[in-house]
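# A look at the structure
Listed below are the residues making up each chain.
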Amino acid sequence: NGKKRGGHEWRVVMLKAIIYAEFDNTEGPKIVYQSPDGYISAQNFDMISSYVITEPKLCHKVVTLDNCGHRILGYPVRIEN
């Protein structure tokens, strides 16, 4: 159940996993670290990787995605070179 504050409905959501992903020049997008281990399968990551490792216009912005029974909250950062 959500609570209203400032005209918006808020709800508490439990954090279930932390994932760190990066783009490797030879392997492409990949999960480098996740806890708990195996929370997102390689197949599911392939489906969402373009939202986790985004194009430059989405960098430094909060990105949310609902997919495969997961709500993913990300903050993509692009590191050049």
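Refer to the preceding data block for the structure.
Residues numbered from 1 in each chain as written. Predicted model: local features only at pLDDT ≥ 70, side-chain atom pairs only at ≥ 80, totals over all residues. Heavy atoms only, no water.

## Some thoughts on the layout of surface pockets
- Put simply, the largest pocket is a space of about 1,500 Å³.
- If you go around the largest pocket, you meet 38 residues; those closest to its centre are I19, V52, L73, G74 and Y75.
- Elements represented by at least two residues in the lining of the largest pocket include exactly β3 (18-24), α1 (42-52), β5 (63-67) and β6 (70-74).
- Of the residues forming the lining of the largest pocket, the biggest block, six residues, is contributed by β3.
- Looking at the lining of the largest pocket, its residues break down into 25 nonpolar, seven polar and six charged. (1 Å grid on protein atoms, 1.4 Å probe; cavity = no way out; pocket = protein on both sides within 12 Å on 5 of 7 lines; lining within 4 Å. Points joined across faces, edges and corners; volume = space filled by probe spheres on them. Helix = DSSP H or I, 4+ residues; strand = E, 2+ residues; numbered from the N terminus. Nonpolar A, V, L, I, M, F, W, Y, C, P; charged D, E, K, R; others polar.)

## Examining the pairing of strand β4 (residues 28-35)
- In this sheet, β4 lies alongside β3 in antiparallel orientation, the contact comprising seven bridges. When the bridges of β4 are listed, I19 appears paired with Q34.
- Counting the residues between successive antiparallel strands, the hairpin from β3 to β4 contains three residues. (Pairing = 2+ DSSP bridges.)

## Concerning the pattern of salt bridges
- Evaluated as defined, the whole model comprises three salt bridges.
- Two residues, E27 and K30, come together in a salt bridge whose shortest N-O distance is 3.7 Å.
- Judged by relative accessible area, E27 falls into the exposed class, the value being 55%.
- Here K30 falls in the partly exposed class, since its relative accessible area comes to 25%.
- With its nearest N and O atoms 3.5 Å apart, the salt bridge here joins E55 to K57.
- Among the residues examined, K57 registers a relative accessible area of 59% and is labelled exposed. (Salt bridge = Lys/Arg side-chain N within 4 Å of Asp/Glu carboxyl O. Buried < 20%, exposed > 50% of the residue type's maximum accessible area, 1.4 Å probe, protein only.)

## Side note on the nonpolar core
- A21, I40, F45, I48, L65 and I72 together form the largest nonpolar core, which totals six residues.
- Non-local contacts of L65, meaning those with residues more than four positions away in its chain, are made with I48, Y51, H70, R71 and I72. (Core = buried A, V, L, I, M, F, W, Y, C linked by side-chain atoms within 4.5 Å. Contact = heavy atoms within 4.5 Å.)

## Re the environment of P29
- Looking at the secondary structure, you find P29 in strand β4.
- Given the relative accessible area of 33%, P29 is considered partly exposed.
- Along the primary structure P29 and F45 are separated by 16 residues, whereas in three dimensions their C-alpha atoms are 8.8 Å apart.

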